[in-house]
Amino acid sequence: MEICKVFFHLSVSVILSPLQNYPLYIRSVPSQSELKFHYTVHTSLDVVEEKISTAGKAMAEQRELYLGLLYPTEDYKVYGYVTNSKVKFVIVVDSSNTSLRDNEIRSMFRKLHNSFTDVMCNPFYNPGDPIQSRAMFTMVSGLKSDKCGWLV
Amino acid sequence: MAQCAQSVQEFIQDSFVPMVSVLCSEDAERVTRKNNLSFPELLRPFCRLTSEGHLRDPNNQVVVVKGLRISVTGVNTRSPNSGEVRKLLSQAVSGCQPPEGLPANVITAGDYDLNISDRSVKASVPWYSDWKEMLTQLSSSKYYTATTPWFEAYRENFLQSMPASDHEFLNHYLACMLVVSSREAVPTEQFLKLSQEQHRIQHSGEYTYPKWFIPNTLKYYVLLHDISDGDEQRADSVYEDMKQRYGTQGCYLLKINSRTGAAGPDEQMPDPWSQYLQKTNIHSPLYITIIFSEVDGLDLSDVVSEIHPLKLEQSADPGFPGNPSKAVNSADTARTQKQGSVTPGAAPTAHGACLTLNDHDRIRQFIQEFTFRGLLPHIEKNIRQLNDQLVSRKGLSRSLFSATKKWFGGGKVPEKSIAELKNTAGLLYPPEAPELQIRKMADLCFLVQHYELAYSCYHTAKKDFLSDQAMLYAAGSLEMAAVSAFLQSGAPRPYPAHYMETAIQTYRDVCKNMVLAERCALLSAEVLKSQAKYSDAATLLIKMTSEDSDLRSALLLEQAAHCFINMRSPMVRKFAFHMILSGHRYSKAGQKRHALRCYCQAMQVYKGKGWTLAEDHINFTIGRQSFTLRQPENAVAAFRHILINDSKQTATQQSAFLREYLYVYKSLSQPSNEGSLPQLPLPCVHSAQTRVFFGHEPRLAEGEKQAATHVWLDQEFDQEQAQLWAELEEQVVAVANRGSVHISFQPTQYCLSSHTENLRYPFAVVEEPMFVEVVFRNPLKVPLVLSDLSLLWKFTTKDFSKPQGGTTGETITNEKEAAAGKATALNDIISTEVIPEFTVGLEETKVARLKLLPHKTGELHVLGIVYNLGTREEDNSASEASQLMFVRGRQDLEIQGPRLNVTKEEKTSVRHGPDRRLDPIITPPMPLLEVFFINFPTGLLCGEIRKAWVEFVNVSAVPLAGLRVASTHPEFFTFGSATADLTPVTPTAAEHCSAYKTMVTPPSDAAVTLVSPAAFGITGDNRPTVVEIPLTGGVLGPGEALQIPLWLRGPDREGVHEISFLFYYEGLEKNAKLGHRVLRHKAVICASRSLSVRATACRSNTLPGRGKRDEREEERSGSMLVFVDVENINTSEAGVREFHIVQVSSSSRQWRLHKCINPAGDKDSKLASRERGKLCFRATRCRTQEATSDALEKYTFADLNLGNEQIVSSTTPCADFFFRRGPPSEPRKGGVITVGGLLRRQSLTPANSTDDSMTSIVRKCSEVELDIIVLWKAYVVEDNKQLILEGQLHVALQTIGKEACSLSQKEEAQEMVLLKFKPDLPPPASRPSLEQLSHLIKTCLHYPESYDHPFPQKSLCMVPVTLTLSNCSLAQVDVIIDLRHKTTSPESLEVHGSFTWLGQTQYKLQLRPQEVHGLSLKACFFQAGVYNLGTPRVFAKLAQSGTMCETSQQSAMPALIIINSV
């Protein structure tokens, strides 16, 4: 399955499904340059995979879900998070936004993960389908409004 | 990563080679020109030395020089300026395309199989369905490396075009060859001249270029001898002279051109120049552009005019020794100019035509000699000199040296401080500066592959330069130090990557010299790659991308992408991303093919992974690039992909895609206008849902006339309905064929869809239209406009009238006509309807109906649809332009039949049957019937009789016969009996008349008529489902119409009824293809409640005795009382005011109503809403004399009118409907249940015969079989008009005492009847039931109602009572009469306790069939009172049967007698 990614304008978040890495959920705020984010997030999967494969061998069980900063680009910082079932979360934020600490990103991921779990618990959700959950939407919107500072 | 053909070491060595210049005399040039080559060109293939060279370093150590290459160029060869370089490089790149047709290189990276380069364009396009298969096939091949030859070409050209710079000496000339021909009059003089010339060029200061390595350049004197043309003796002697003068190591005699004339055509000579020529031509851009123009299809004229030969000469740098008199030395350019202008695109003329293999060897020998005897010793000497200089200077020591610099170098220091940053980059050392000497020595060492020494020198130089802040020099030294560190064999020190990084940074940021930075990066990346440091290499390469050169950025990004994919865990997605970036830069740089290739490669990663936005973008770009590269097929395919998939793009984006697609498509289809039309992707056609209809479009109702509904595309397919129609048709066909249905009978299908069975070719009739309904779906958010939409067909004419299947004509198709937009061109054969415009809204599914009208018989195949696809522009101003924006294309209708699943083979494999719905056979003309209904109601009261008219019109040109109609509800309608006069009264005239035939008669006894059911077309017990409609002469001629009346009777049940009529007809002459035709009509009748009639028959207890004789006679044979309860159950109080019971008739074979014995006074009983009335009648058996043999089959109709008008019930329509009434007790059941019923009936036949006969006798006794017809009138107010409606209700009385109802009772709990295949066991109790037996004997007590008796006088009162027994049955009955009170019953004690029967208390009698017997009894009373005399118990049994079935007679109703005491 793939990952879900959420992008916010300056920040995007995405959830991707575990195996084929197709996007389950992509949200980007604002949506103008969405294509660019798609490319960025897609590329970040390489790094995610690399991190998983190296960390996975050492401690498969107690692996930290939060992968930290995947890589910085000129304008954005890309953060990753992988659940035990290999669902990947990616958040891209504006690199000029210095107010976001690692802890904040981590809590954002945690919220995203909880929300994703809720979606999965929905009996009407067919695993593998793109997520179209309103709860998810408001949650992600909440993420950005929490931190208006780093949102445009 | 791109794999190079060379190893890294080779590559770096080849990047820095000793440079040798050539000065050539005119004559010598002429000699070489015979071979179409200049002297440097002549040498070029042989410039790599195959043997090892040796030299000694300053420490007297032997250095082995392996695989040395030298570069020989004309002295005036100048490095092109930056603009030219740029052009040159881009040409080199575009000229080098991935080879077509070679096996693709596949790299397996993780889950991805990437097909790199080569056929990637084809293989990676997403719609390339079996790409995966191909990839797996290819990946098993041996090619695992991805090559990027364009990058190598670029790199090579780039390095060669590097201008010589001051801070390094690597590409400065080390030596100069002076070439003189032996034919020269005085060669030595010529040598002198050339030598002076060389000196002038190097030292006069006139020329800034070329640059020379060392002041005393090595001069090598070459005497060129043309064997074919010169005196060898003289040449030898001149050479001897030269040896004297220059020493054996400084001169050479080169003999060439041993072949005279051209080579024989059969002789195969290797042409080593051909592979170098393109490389040669980097100095002659024109040649490459020509190749390029062939490859890329660019406009040749542009290129040529751009690089006009004149321009080259004009732009000649005055800094070059481009002396016109020395035109020979610029022969390179001249020759290629000539070649380029004369033979563009032609095969280049052969080189070295005058050279034999021996000559080649000689040249090789010459180079070797020159290098080992001349060049290497020269270098060795210079290294020693420089080393000595440095060592001697070292005496003063480095420290002192630097100290003096500090003290005396004040000139430099303030300079630096003024404008430090600016000037450090531009800082120049004088050529003799000691720092430069080190560098020079390092370069020399490097060139002769003494990397160890080179490294230490570079290192030293670097330190010096750095301390001087001479950044450019420092960077150069750093770069070379790193390279030589890498190249050191033995125990190499780790490659100092940071040196390179610093160098690149310095070059780029401080010196702003991108060219040097790029060279540095290229070298470093190559080194890093060789050490598997791919991510470092990628970073390096990506860093080098910048805005100033798109081509470089593109190439470097591509290389970076290749690095990503070569990492230990391949970063496929980064690869793809950088490929996209690279493709973007390529397209900016005008390298469209490379751009396309990059996008295609990236597509492999993105394809089918759900990244739709990215995928769409890539597809869009691929489409655009393909289009500009004139690969419209690929472009169309790419665009098609964007459009077909469920796109998440916005509407505007989609419309842009669509417009682009249309544009591309249009340009694609224009040239191939004559050929077959292309397939369009939009809108989606659901071919499986295609429906075909044969026949005319239904007419709407014309006034009162209502056309038969028939079949039309608007009707949804309904499996049940289809089944029903098929059954009806089968019935009517069976009747028409006298009971037999042909085995191959197939119900006629007018509308073919995915639900129907389409295995056979359907039949269509000539001159009758057929409609094809096509389902379109528009997946886009943009409305699509289809214009000129019509069908494509193929038609083979056949004349079926001839025997043996007729003659087959040629096949005609309208494809061409349709392509040209003239869809109507073949209208004389088949008229094709064209829909001018058809809009499919956004994301809409819409059907189009397309009509064909065949004019000839034959076989038709509908192939597909043809239309113009366009889109609607929003603004009106652009309407003109938008009109042009459409393309003509087709889509085929290919319908896959149902999957076969019968045989094992079919089950295991997936096979589909044929579907022939689009391939009709056009048959000769057939009659065509149209049916109209006039005054056909939509609502009726239950049982209401209405007269309507039906009109049959034969609209064909062929007579029609055998008209029949079948219906699911035969009781609903009648055309009247044969006896009824069919005088065609016009419908309007009959409007307000009663539907019935009436006679004015006062109410009296029943009028009786005897009627045979055969007169009403009824035979047997079955209701006729098929009715033949009589035609005058049996034929309805062409164009004729027939109007006949039609009576309708409202269904007995309320609610909405669908009544199906199937009209069957056939042509006069039997058509082999189409035996008959049918017309369907479905009427919907809403029945509302009218009256509910319940009737009960009772055996009358009156016994013969009184009355007239004939009456008695009648009664003797039996009489009944019939009670008829009529209730107005109509619910619409407003509409129906009241019901009048006009008449009650009976119809039966045995019984008839005799008399109305209603006590009520009013004869015309009215029933207002919810009122209930009761009527009582006496019924008698029909007279026996009437019951002749055939009268058994005849029905007696008896009419008892309550008003003054008698309705003759024995005529149409009353009797018709009577005979058509449904069997009341047996609800209509489905076919399955009938089967069960049949089985049961059969199983019953072999039952016990005695029991059976007994039962039947007993049953018969209580059977009645009397049908009551209640005729009523309803007064209805409708639209302020009072209407009188009439109707009739039927009640079938079957058993005495059982109530029958006009409404067939709701079948309670209609459980599922199990289908039983085992015959039921015959019911064990086949004896007549008690109840049945009780009807055997009728008893009646005759006694005075009251009896006066003076009890005081006489205490006992005796009353005579007659008990009359009447045997109702047709068998002998034994009767036992028991007068004893049943003492056991307490209740009887109570009631009867006070009287006793006198005399015999038990009688045994035997009654003959239908005998009446009176029995006199006496009752004795003791006191006055009211007594019930009904205590005698009567037992009856059939005489033949044993004692077993004695049973009690009915307990008689109380017979009360009043005993008065007087």
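Please refer to the structure higher up on the page.
These lines cover the structure that appears in this document, whether it is placed above or below.

Cut-offs applied
Residues numbered from 1 in each chain as written. Chains lettered and ligands numbered in written order. Predicted model: local features only at pLDDT ≥ 70, side-chain atom pairs only at ≥ 80, totals over all residues. Heavy atoms only, no water. Helix = DSSP H or I, 4+ residues; strand = E, 2+ residues; numbered from the N terminus. Buried < 20%, exposed > 50% of the residue type's maximum accessible area, 1.4 Å probe, protein only. Areas by Shrake-Rupley, 256 points an atom, 1.4 Å probe, with all protein chains shown as cover. Contact = heavy atoms within 4.5 Å. Buried area = accessible area lost by both parts, 1.4 Å probe. Salt bridge = Lys/Arg side-chain N within 4 Å of Asp/Glu carboxyl O. Expected span 1.5 Å × (residues − 1). Pairing = 2+ DSSP bridges. Patch = residues over 30% accessible without salt bridge, like charges linked within 9 Å, V, L, I, M, F, W, Y side chains within 5 Å. Phe/Tyr/Trp six-rings, centres within 6.5 Å; stacked < 30°, edge-to-face > 60°. Lys NZ or Arg CZ within 6 Å of the ring centre and 35° of its normal. Axes fitted to C-alpha atoms, helices over the stretch in contact; angles between N-to-C directions. Parallel < 35°, antiparallel > 145°, perpendicular 65-115°, else oblique. Left-handed = near helix turned anticlockwise from the far one by under 90°. Nonpolar A, V, L, I, M, F, W, Y, C, P; charged D, E, K, R; others polar. Polar contact = N/O pair within 3.5 Å; in protein donor to acceptor, adjacent residues only side chain to side chain. Core = buried A, V, L, I, M, F, W, Y, C linked by side-chain atoms within 4.5 Å.

A word on the overall build of chain A
Logical step 1: Counting its regular elements, chain A contains three helices and six strands.
Logical step 2: For chain A, the α and β elements follow one another from N to C terminus as β-β-β-α-β-β-β-α-α.
Logical step 3: Split into buried and exposed, the 152 residues of chain A put 53% on the buried side.
Logical step 4: On chain A, roughly 7000 Å² of surface is accessible, and the fraction owed to carbon and sulfur atoms is 53%.

Points about the overall build of chain B
Logical step 1: In terms of regular secondary structure, chain B is built from 39 helices and 57 strands.
Logical step 2: In chain B, which comprises 1462 residues, the proportion classed as buried is 51%.
Logical step 3: When contacts within chain B are restricted to residue pairs at least 6 apart in sequence, those whose partners lie at least 24 apart make up 78%.
Logical step 4: For chain B, the exposed area adds up to about 67200 Å²; of that, 52% sits on carbon and sulfur atoms.

Comments concerning the interface of chain B and chain A
Logical step 1: Listed per partner, the contact involves 19 residues of chain B and 20 residues of chain A.
Logical step 2: Buried surface at the junction of chain B and chain A, summed over both partners, amounts to about 1700 Å²; 63% is from carbon and sulfur atoms.
Logical step 3: Sorting the residues of chain B by area buried against chain A places B:R573, B:W611 and B:L613 first, and these three jointly supply 45% of that buried surface.
Logical step 4: At the surface where chain B touches chain A, the tally comes to one salt bridge.

Observations concerning the environment of B:Q1353
Logical step 1: Structurally, B:Q1353 can be placed in the loop between β48 (1346-1349) and β49 (1357-1367).
Logical step 2: For B:Q1353 and B:V1462, which are 109 residues apart along the polypeptide, the C-alpha to C-alpha distance reads 9.4 Å.

A few points about the environment of B:L1417
All names here are of chain B.
Logical step 1: Tracing the sequence through the fold places L1417 in strand β53 (residues 1412-1421).
Logical step 2: L1417 sits 17 residues away from Q1400 along the chain, and the two C-alpha atoms are 8.4 Å apart.
Logical step 3: Those residues in contact with L1417 that sit more than four places away from it in its chain are V1359, P1360, V1361, L1363, L1379, W1397 and Y1403.

Structural notes on helix α20 (residues 471-487) of chain B
Residues lying three or four places apart along an α-helix face the same way, a consequence of the helix completing one turn every 3.6 residues.
Logical step 1: When the terminal C-alpha atoms of α20(B) are compared, their 24 Å separation across 17 residues agrees well with the 24 Å that a helix rising 1.5 Å per residue should span.
Logical step 2: With respect to burial, α20(B) is a largely interior element, 17 of its 17 residues being buried.

Side note on the side chain of B:T974
Residues and elements named next belong to chain B.
Logical step 1: One can find T974 in strand β28 (residues 973-974).
Logical step 2: Among the residues examined, T974 registers a relative accessible area of 1% and is labelled buried.
Logical step 3: Contacts of T974, omitting those with residues within four sequence positions, involve P1045, L1046, W1047, P1213, D1216, F1217 and R1220.

Here we look at the pattern of salt bridges
Two side chains of opposite charge can pair, provided their charged atoms sit close to one another.
Residue and element names in this part refer to chain B.
Logical step 1: Per the stated rule, a full pass over the model turns up 29 salt bridges over all chains.
Logical step 2: One salt bridge connects E197 with R200, and the closest N-O pair in it is separated by 3.0 Å. On the criterion of helical spacing, the pair formed by E197 and R200 is a turn pair, its members being three residues apart in helix α8 (residues 187-203).
Logical step 3: On the basis of relative accessibility, which here comes to 12%, the residue E197 falls in the buried class.
Logical step 4: On the basis of relative accessible area, R200 is assigned to the partly exposed category, the value being 26%.

Comments concerning the sheet that holds strand β46 (residues 1300-1301) of chain B
Residue and element names in this part refer to chain B.
Logical step 1: Strand order across the open sheet formed by five strands is β39-β41-β37-β36-β46, with antiparallel pairing between neighbours. Looking at the sheet topology across the chains shown, the edges are occupied by β39 (1151-1156) and β46.
Logical step 2: With two bridges connecting them, strand β36 (residues 1091-1099) and β46 associate as antiparallel partners. Across the sheet, the residue bridging to R1094 is C1301, located in β46.

Examining a nonpolar patch on the surface
Logical step 1: On the surface, a cluster of nonpolar side chains totalling about 260 Å² of accessible area is made up of B:V1426, B:L1456 and B:I1458.
Logical step 2: Note on placement: B:V1426 falls in strand β54 (residues 1425-1428).

Here's the deal with α8(B)
All names here are of chain B.
Logical step 1: With 17 residues, α8 extends 24 Å from end C-alpha to end C-alpha; this agrees with the ideal 24 Å at 1.5 Å per step.
Logical step 2: Those residues of α8 lying buried are P187, T188, Q190, F191, L194, S195, E197, Q198, I201 and Q202.
Logical step 3: In this fold, the buried residues of α8 make contact with β1 (19-24), β7 (173-181), β8 (218-226) and α9 (232-246).
Logical step 4: The first or second residue beyond α8 is G205, which carries a positive phi of 80°.

Some points on the packing of aromatic side chains
Logical step 1: Throughout the structure, instances matching the rule amount to 32 aromatic pairs over all chains.
Logical step 2: Aromatic side chains A:Y39 and B:Y606 sit 5.3 Å apart centroid to centroid with 90° between the ring planes, which places their arrangement in the edge-to-face category. You can see A:Y39 sitting in helix α1 (residues 34-58) and its partner B:Y606 sitting in helix α26 (residues 592-606), one on each of two chains.
Logical step 3: Assessed through its relative accessible area of 6%, A:Y39 is described here as buried.
Logical step 4: Ring centres of B:F446 and B:Y451 lie 5.2 Å apart, and the angle between their planes is 70°; on these two criteria the pair is classed as edge-to-face.
Logical step 5: Members of the aromatic cluster, joined through ring pairs, are B:F933, B:F936, B:F952, B:F972, B:F973, B:F1061 and B:F1063.
Logical step 6: Taking NZ or CZ as reference, B:K846 lies 4.9 Å from the ring centre of B:F838, over its face.

Notes on the packing of α20(B) against helix α22 (residues 514-530) of chain B
Residues and elements named next belong to chain B.
Logical step 1: At a closest axis distance of 11 Å, the pairing of α20 and α22 adopts a crossing angle of 20°. Overall, the two elements α20 and α22 adopt an arrangement that is roughly parallel. Crossing geometry of α20 relative to α22 is assigned as left-handed. Mapping the contact onto sequence places L472, E479, V483 and F486 in α20 and L516, R519, C520, L523, V527 and S530 in α22.
Logical step 2: Looking at the contact of α20 with α22, its residues break down into seven nonpolar, one polar and two charged.

Considerations on unusual backbone geometry
All names here are of chain B.
Logical step 1: Despite not being glycine, D788 has its phi angle at roughly 50°, a positive value.
Logical step 2: Its place among the elements puts D788 in strand β16 (residues 784-798).
Logical step 3: At N935, a position not held by glycine, the phi torsion is positive, near 60°.
Logical step 4: Here N935 shows up in the loop between β24 (929-934) and β25 (939-941).

Re the packing of α20(B) against helix α21 (residues 497-510) of chain B
Residue and element names in this part refer to chain B.
Logical step 1: For the pair α20 and α21, the least separation of the axes is 8 Å and the interaxial angle reads 150°. The angle between the axes of α20 and α21 places the two elements in the roughly antiparallel class. For the pair α20 and α21, the sense of crossing is left-handed. Residue-level inspection shows M471, L472, A475, G476, L478, E479, A481, A482 and V483 of α20 in contact with α21, the latter providing Y499, M500, T502, A503, T506, Y507 and V510.
Logical step 2: Per-class residue counts for the contact of α20 with α21 are 12 nonpolar, three polar and one charged.

Section: the environment of B:H1076
All names here are of chain B.
Logical step 1: Locating H1076 in the fold gives a position in strand β35 (residues 1076-1088).
Logical step 2: For the pair H1076 and T748, spaced 328 residues apart in the sequence, the C-alpha separation amounts to 8.7 Å.
Logical step 3: When residues no more than four places from it in sequence are discounted, the contact partners of H1076 are E729, V733, F745, T748, M926, Y1064, Y1065 and E1066.
Logical step 4: Among the polar contacts made by the side chain of H1076, one reaches the side chain of E729 at a distance of 2.8 Å.

Describing the sheet that holds β7(B)
All names here are of chain B.
Logical step 1: Sheet architecture is open: five strands sit in the order β4-β1-β7-β8-β9, paired in parallel fashion. Lying at the two open borders of the sheet, with one neighbouring strand each, are β4 (71-74) and β9 (251-256). Ignoring strand direction, the axes of neighbouring strands in this sheet form an average angle of 30°.
Logical step 2: As paired strands, β7 and β8 are joined by seven bridges and run parallel to one another. Counterpart to L178 in the pairing with β8 is Y221.
Logical step 3: Packed onto the sheet, helix α2 (residues 26-33) meets β1, β7, β8 and β9 and runs at close to 85° relative to β7.

A look at the nonpolar core
All names here are of chain B.
Logical step 1: I12, F39, M177, F366 and F446 are the most contacted members of the largest nonpolar core, which has 163 residues in total.
Logical step 2: Per-element tally for this core: the top contributor is α20, with 12 residues.
Logical step 3: Once you skip the residues sitting within four places of it in the chain, I12 turns out to touch F446, V483, F486, L487, L523 and V527.

What about the pairing of strand β15 (residues 770-777) of chain B?
Residue and element names in this part refer to chain B.
Logical step 1: Summarising burial for β15: seven of the eight residues are buried, a large majority.
Logical step 2: Pairing analysis gives two bridges linking strand β10 (residues 684-685) to β15, with the strands arranged antiparallel. Along β15, the bridge assignment pairs C684 with R777.
Logical step 3: Note: strand β11 (residues 691-694) against β15, four bridges, orientation antiparallel. By the bridge assignment, F693 is partnered in β15 with F771.
Logical step 4: For β15 and strand β20 (residues 845-854), the ladder comprises eight bridges, and the chain directions are antiparallel. In the strand pairing of β20, F771 is matched with K851.

Function cannot be inferred from these measures alone, as they are strictly geometric.
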